[in-house]
Amino acid sequence: MAEPFKLSPLPWAQDALAPTISARTLEFHYGKHHAAYVKTLNELVEGTKFADMKLEEIVRQTAGKDDAKEQKIFNNAAQVWNHDFYWRSLTPKQSKPSGALKAAIEAFGGEDKLIKDLAEAGKTQFGSGWAWIVSKGGKLAVEKTPNAVNPMAKDTNALLTVDVWEHAYYLDYQNARPKYLEEVLAKLINWDFAAENLSREAQPVRAAA
Ligand code: MN
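Reference entry: report on the structure contained in this document.

## A few points about unusual backbone geometry
- Proline 19 follows alanine 18 through a cis peptide bond whose omega is 5 degrees.
- Along the chain, proline 19 turns up in the segment before helix 1 (23–45).
- With phi around 50 degrees, asparagine 147 is a residue other than glycine that occupies positive phi space.
- Note that asparagine 147 resides in the loop between strand 2 (139–146) and strand 3 (157–163).
- A relative accessible area of 44% means that asparagine 147 is categorised as partly exposed.
- Its identity is not glycine, yet glutamine 174 carries a phi of approximately 50 degrees, on the positive side.
- By secondary structure assignment, the location of glutamine 174 is in the loop between helix 6 (170–173) and helix 7 (177–187).

## Let's talk about helix 8 (residues 191–199)
- For helix 8, the set of buried residues is Trp191, Phe193, Ala194, Asn197 and Leu198. Projection of helix 8 onto a plane perpendicular to its axis shows the buried side chains occupying an angular sector of 155 degrees, all on one side.
- Looking at the packing, one finds that the buried side of helix 8 touches helix 3 (68–89), helix 4 (99–108), helix 5 (111–124), strand 1 (129–136), strand 2 and strand 3.
- At the N-terminal boundary of helix 8, the capping side chain belongs to asparagine 190, with an oxygen 3.2 Å from the backbone nitrogen of aspartate 192.

What counts and what doesn't
Residues numbered from 1 in each chain as written. Predicted model: local features only at pLDDT ≥ 70, side-chain atom pairs only at ≥ 80, totals over all residues. Heavy atoms only, no water. Helix = DSSP H or I, 4+ residues; strand = E, 2+ residues; numbered from the N terminus. Buried < 20%, exposed > 50% of the residue type's maximum accessible area, 1.4 Å probe, protein only. Arc of directions from axis to C-beta. Contact = heavy atoms within 4.5 Å. Polar contact = N/O pair within 3.5 Å; in protein donor to acceptor, adjacent residues only side chain to side chain.

Right under this line is the structure:
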């Protein structure tokens, strides 16, 4: 029998991101919301062909499907993946971008522009969703996605994400999503994680002629 999906441990202590993101927010966001996506996913895939698949495979295979059950599986599988990715996108011990990531950021227009565009994507995502830095053929881009949708479902390579669902910021910032984005992007971005993801990008896509 397939092993059930597990809630991955946080990469830092629950109070390590305070005051930017409080332990109280993580108690709910990780301990309740993220945990519930894992639990629901396990219930939904039990006895189906998805039970033996890796999480990423489930996300890819259920993305954009019409079937109501597969949509539910997608929503929960993608939310499990997105939250694992979000926690690793944040760190209390920031370093500056270097090497290939630094060069890619410079080609994009610089770190300030990247952060500004990412904040704008997060602010303008109507309703629940995610703001992302992605790469395609080594070139950086900023995207926003609704609900559980992620770049994997759109075939781009995710480097970094910020959760803009209300549950990510309401306890600390109430309705002030722009303030949450400003604080998180100034203090918690894990550039080492972004660099790792950039280096992992499968096959560079050839630039359009
Ligand atoms: Mn969330």
